[in-house]
Amino acid sequence: MCNPANHLMPQPARITHIQSDTSDTKTFRVVDAHGNIPFPHRPGQCAMLGVPGVGEAMFSIASSPTNTACFEFSIKAVGQLTYHLHAMQPDDALTIRGPFGRPFPVDTVLRGQDLLFVAGGIGIAPLRSVIRYVLDKRNDYGRVDIVYGARSAADLVYLDEIKTEWMDAPNVHIHLTIDRTEIGWDGHVGFVPAYIKELYDIHAPAKRTALICGPPVMIKYSLQALLELGFAKHQIYTTLEMRMKCGIGQCGRCNVGHKMVCIDGPVFRCDELEELPDEY
Amino acid sequence: MQLFDAIAKVMPLFVPLEDERGVYFAQWEPGATPLQSVALNASDFAPRKTALSPKGFFLPMVEHLYSSHFSQTKHGGTWQITPAATPNAPFAVLGVRSCDAAGLELLDEVFLAESIDIPYQARRTAAHIITVPCTKRCATCFCDVFGIDPTQPGGDVTLHFDNDTQRMPDDPNRQITDDMLRLQAHTPKGEALLKIQANKLIHSTENQILQTDSSSSESIGENHFNEAANNSTKTFHPPVNQKAASILADFEARFFGGDNPVITGTDATALFHSPAWDTLYLTCVACGTCAFLCPTCQCYDINNETAHCHRHWDTCLNASFTQMAHGNPRPTKKERFRQRFMHKLVYFRQRYGALASNQYSCVGCGRCVEFCPAGINPVDVARELYAVHAATSPSEATHV
């Protein structure tokens, strides 16, 4: 177990499996020194992965709490630590600490609701934790729509899993889109915000919630699209990304206004975000 | 000084000492140096303002958190994490000013409230803060603007100077001796310090008094103490910095006063978008000196880029502070400057206002004003923000 008293102190962890999702994204399975999940978490929470001598950074836990065998992290190679992680092999050693942040309210607000997931690119990673949770507790939630877009078909993370598992789940509707036409793609082409408007039934039930994650510009326009479709601001959740060091609201990096993304977020309701300066 | 020596026998004692760099807290060597030349002014008894605040006793400039050692296992290898020892040896810091004592209380909101920082908590528990009232104002001071009384400092114990001018003529060359000092405890830890020290501290002078806030006895000693305190207040109370006080009062009334005891989200967002920032930041050179000297700046970095993980002071004025691989939410100096002062004047109060005794993240110690190469002053920033938003509602002002 992570030392509960000192949240800055990591514990040893180990990679058990690495899957290449796209040209720049891999999904890592991680366990603690005893081969177990490192600590309990809720969907939407994050963990600090570290490689001593290289660095430490915050990642969404992409697996659901219903997966009690390991954590999964889907990581895009963009910086010093992530490139290092991409060069690692199964059985390589890491450090981990967490969990950090406020999760999606999967057992309260979201229960019994129709859920619309809106994701762009690697933004699917934090939502996957919720999606897997909902698929594993399918009867606790209503209709599920997943709108997921990427630059190209090759950039869609979890594509195999989506085809083999998500699409087969009862009352789950998958809507994939890519930015530009390409050979071999017979699905939708276009940006996510426009696609939501094409897809979504304006007369959908009142008991519905949207969960958005993706590049800031996609979040911004998707939000507008959802509001046009009649979603109220309190029916929309998103999850933010800021640079973090401590994870416990002290180091001063991740604030948006007076809120700390590491402890008040990363999950925010749209009406909560509206109260804050848009510096994220 | 018997007082200093007595404390130093029991635990390391740090006092403001002057060296070629300036005045810094340094460990007191028993019997080494005469008091008046190093720690406290002789002509008017006041603590020397140290170049660095006592923040570093609790959040050290550089602090070892843990070390990682790689060892082979049957699975390939693992990291063994060895935490740094928790610092819990008692120590005392004497000569802390009102402003710096208040600064520590603000840091407590960050490090001891929502989430506990273990090393900070250990050091706060181990520390005995001995404050000294200020009797004169530095040119850059404005603590009273934030409701801090420079003559009534907090901490665990306050060291008062007996201002009996008949017995003690106002001679700048006079020697300060133990019988001129009075100790007043504010906390159980302070009382314990006085009890432990009582025999060693006090020699049989009738004016020597150990005073505690919680004492209900009406001894001659207490009366004498109160008299001395009152006398001290009458004689030495430094004048309030009226100009700065009125600026902050305007700012306070406009944004935190009236019907809304807390700033509204609309007002906070409007201040964030204030056109005042467009010019305020221009003179800042983003050197970070202000944050380095600030008794309330909390921000730190954690460096894992060696096997020995350290944390060290950092500042929101650094471009790398919020830099991520994909971009930076505060891309220019303007956003970083705005972050610093929005935190000082708005965010801190929004977040901790209900808890903190001082409601801004500034205690008016004046160090940043003294050392800023561009002469930037937090009170000026408050004045400019007020000037832009005073007459109009903030939402209107943003469209000016």
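Every chain is numbered on its own, with residues counted from 1 as its sequence reads. Lettering for chains starts from A, numbering for ligands starts from 1, and both go in the order in which the items are written. pLDDT decides what is reported in this predicted model: residues at 70 or higher carry local features, side-chain atom pairs at 80 or more are listed and counted, and totals for whole chains, interfaces and linings draw on all residues regardless. The side-chain figures draw on all heavy atoms in the structure; neither hydrogens nor water molecules are used.

**Focus on the overall build of chain A**
Okay, so step 1: Along the backbone of chain A there are 6 helices and 15 strands.
Okay, so step 2: The globule rule used for comparison is 2.2 Å times the number of residues to the exponent 0.38, while the radius of gyration itself is calculated over C-alpha atoms. In summary, chain A has a C-alpha radius of gyration of 18 Å against a globular reference of 19 Å for 280 residues, a match within 12%.
Okay, so step 3: Projecting the C-alpha coordinates of chain A onto the three principal axes gives extents of approximately 50 × 45 × 35 Å.
Okay, so step 4: Per-residue burial for chain A yields a buried fraction of 62% across its 280 residues.
Okay, so step 5: Residues count as neighbours in contact if any of their non-hydrogen atoms are within 4.5 Å of one another. Sequence separation of 24 or more characterises 68% of the internal contacts of chain A that already satisfy a separation of 6 or more.
Okay, so step 6: Computed by Shrake-Rupley with a 1.4 Å probe, the accessible areas treat only the displayed protein chains as cover when residues are assessed. With an accessible surface of roughly 10,800 Å², chain A has 52% of that area assigned to carbon and sulfur atoms.
Okay, so step 7: For the purpose of counting charges, residues Lys and Arg are taken to be positive, whereas Asp and Glu are taken to be negative. His and the chain ends are not included. A charged residue contributes its charge at one atom only: NZ of Lys, CZ of Arg, CG of Asp or CD of Glu. On chain A, the mean spot of the 26 positive side-chain charges and the mean spot of the 31 negative ones are 3 Å from each other. Think of it this way: any DSSP run of H or I at least four residues long counts as a helix, any run of E at least two long counts as a strand, and we number them from the N terminus. Accessible area is worked out with a 1.4 Å probe on protein chains only. A residue is then buried under 20% of its type maximum, exposed over 50%, and partly exposed in between.

**Side note on the sheet that holds strand S4 (residues 55-60) of chain A**
One key point about sheets: their strands pair by backbone hydrogen bonds, in either a parallel or an antiparallel sense.
All names here are of chain A.
Okay, so step 1: Spatially, 6 strands are ordered S4-S3-S6-S1-S2-S5 in an open sheet, and the strand pairing comes out antiparallel. Edge strands, defined here as strands with exactly one partner in the open sheet, are S4 and strand S5 (71-76). Pairwise comparison of adjacent strand axes, ignoring direction, gives a mean angle of 40° for this sheet.
Okay, so step 2: The criterion for strand pairing is that DSSP finds at least two bridges linking the strands in question. Pairing of strand S3 (residues 46-51) with S4 involves 6 bridges; the strand directions are antiparallel. From the neighbouring strand, Cys46 faces S4, where its bridge partner is Ser60. Axes, fitted as lines to C-alpha atoms, cover a helix only where it is in contact. Angles between the N-to-C directions of the axes lie from 0 to 180 degrees.

**Considering the pattern of salt bridges**
Residues and elements named next belong to chain A.
Okay, so step 1: Note on definitions: salt bridges are taken to be side-chain nitrogens of Lys or Arg within 4 Å of carboxyl oxygens of Asp or Glu. In the structure shown here, the tally under the stated rule is 33 salt bridges over all chains.
Okay, so step 2: The salt bridge partner of Glu56 is Arg97, with a shortest N-O separation of 2.8 Å. Of the two residues, Glu56 is situated in strand S4 and Arg97 in strand S6 (residues 93-100); the sequence distance between them amounts to 41 residues.
Okay, so step 3: Here Glu56 falls in the buried class, since its relative accessible area comes to 12%.
Okay, so step 4: The salt bridge involving Asp140 is made with Arg111; its shortest N-O contact spans 3.4 Å. Taken together, the positions of Asp140 in the loop between helix H2 (124-136) and strand S8 (144-150) and Arg111 in the loop between S6 and strand S7 (114-120) put the pair 29 residues apart, joining distant regions of the chain.
Okay, so step 5: When its relative accessible area of 42% is taken as the criterion, Arg111 is described as partly exposed.
Okay, so step 6: Through salt bridges that share partners, Arg29, Glu72, Arg128, Arg132, Glu161 and Glu165 make up one connected network.

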